[in-house]
Amino acid sequence: KMKKLLFIALVAICGAFTVNAQTAKFGLKAGYVNISAKEKYQDVSASISESGFYLGALADITMSESFHIQPEVNYANAEETSFLYIPVLAKYYISDSGFQVMAGPQANIVLEEAMEGINNFGLDLTFGVAYDIDEHFFVEARYSFELTNRIKDGGEYDVSGRFNTLFVGIGYKF
């Protein structure tokens with residue numbers, strides 16, 4: 001199952017590269033991840049947070065001088081749980097400073113076997129900032145809010161569960 005998901009994600013990124021291959025850069029990234037699980041039952045809520053690392057690959061596709069599209073595939077591990085994140089980010093460069101803001105949708109997939117009644121797939125809204133240190137190296141920080149409910153049937157009790165994620169890392173573009 002995991003191999004199939006990774007294959008689909010890689011095909012999507014490769015497809016994006018071929019659309020605009022002359023103005024695309026490839027890259028690798030890694031860093032710190034903090035994943036918060038939030039659950040709500042009627043008026044009672046609880047959350048737990050776990051830290052770990054992430055590794056990923058990206059395509060930075062230039063649409064104009066200040067606007068880029070950046071699809072990615074990121075593997076994250078916090079404690080003993082693994083996730084696959086597949087964002088497609090719109091990036092806007094603020095003048096020639098190297099600073100950029102980014103936002104976009106993100107698929108969030110738990111790679112472990114889910115308990116009964118829990119969805120492995122979620123959809124997030126991601127936003128953040130990045131800075132190009134030079135032509136190749138960059139740093140980034142971003143946060144993802146899950147929009148979907150991980151509980152398959154909240155029913156009459158109004159039960160919901162979501163993952164929110166913080167990424168802070170460094171990367172290299174070829």
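Conventions adopted
Residues numbered from 1 in each chain as written. Predicted model: local features only at pLDDT ≥ 70, side-chain atom pairs only at ≥ 80, totals over all residues. Heavy atoms only, no water. Helix = DSSP H or I, 4+ residues; strand = E, 2+ residues; numbered from the N terminus. Polar contact = N/O pair within 3.5 Å; in protein donor to acceptor, adjacent residues only side chain to side chain. Contact = heavy atoms within 4.5 Å. Salt bridge = Lys/Arg side-chain N within 4 Å of Asp/Glu carboxyl O. Buried < 20%, exposed > 50% of the residue type's maximum accessible area, 1.4 Å probe, protein only. Phe/Tyr/Trp six-rings, centres within 6.5 Å; stacked < 30°, edge-to-face > 60°. Lys NZ or Arg CZ within 6 Å of the ring centre and 35° of its normal.

Enquirer: So what's going on with the side chain of Asp 60? Which residues, and what values?
Expert: Here Asp 60 is to be found in strand 2 (residues 44-62). At 3.0 Å, the side chain of Asp 60 and the side chain of Lys 91 are in polar contact. Apart from residues no more than four positions distant in its own chain, Asp 60 is found in contact with Thr 23, Ala 24, Lys 25, His 68, Ile 69, Gln 70, Lys 91, Tyr 93 and Lys 173.

Enquirer: A description of the pattern of salt bridges should follow, citing residues and the corresponding values.
Expert: Summed over the entire model, instances satisfying the criterion amount to eight salt bridges. In this structure, Glu 72 and Lys 29 form a salt bridge, with 2.9 Å as the shortest nitrogen-oxygen distance. Taken together, the positions of Glu 72 in strand 3 (residues 67-78) and Lys 29 in strand 1 (residues 24-41) put the pair 43 residues apart, joining distant regions of the chain. Lys 29 shares its class with Glu 72; the two are buried. Across the pair Arg 150 and Glu 146 runs a salt bridge whose closest N-O atoms are separated by 2.5 Å. Both residues of the pair, Arg 150 and Glu 146, count as buried. Via salt bridges that share partners, Lys 29, Glu 72, Glu 140 and Arg 142 belong to a single interconnected network.

Enquirer: Before we move on, could you go through the environment of Ala 103 and cite the residues and values that matter?
Expert: Within the secondary structure, Ala 103 is located in strand 5 (residues 99-110). With sequence-adjacent residues up to four places away left out, Ala 103 is seen in contact with Val 88, Leu 89, Ala 90, Thr 126 and Phe 127.

Enquirer: Lay out the packing of aromatic side chains in plain terms, naming residues and giving numbers.
Expert: All told, the structure shown has ten aromatic pairs when counted by the stated rule. Between Tyr 85 and Phe 167, the aromatic rings sit 5.1 Å apart at their centres with planes inclined by 85 degrees, giving edge-to-face as the arrangement. You can see Tyr 85 sitting in strand 4 (residues 81-93) and its partner Phe 167 sitting in strand 8 (residues 159-173), a full 82 residues away along the chain. Here the two residues Tyr 85 and Phe 167 agree in accessibility, since each one is buried. Cluster of aromatic residues (ring-pair linked, three or more members): Tyr 54, Phe 83, Tyr 85, Phe 163 and Phe 167. Sitting above the plane of the Phe 167 ring, Arg 142 keeps its charged end 5.3 Å from the centroid.

Enquirer: Talk me through the side chain of Lys 29; I want residue IDs and the actual numbers.
Expert: Judged by its relative accessible area of 4%, Lys 29 falls in the buried class. At 2.9 Å, the side chain of Lys 29 and the side chain of Glu 72 are in polar contact. Contacts of Lys 29, omitting those with residues within four sequence positions, involve Tyr 54, Leu 55, Gly 56, Leu 58, Gln 70, Glu 72, Asn 74, Phe 138, Glu 140, Arg 142, Ile 170 and Gly 171.

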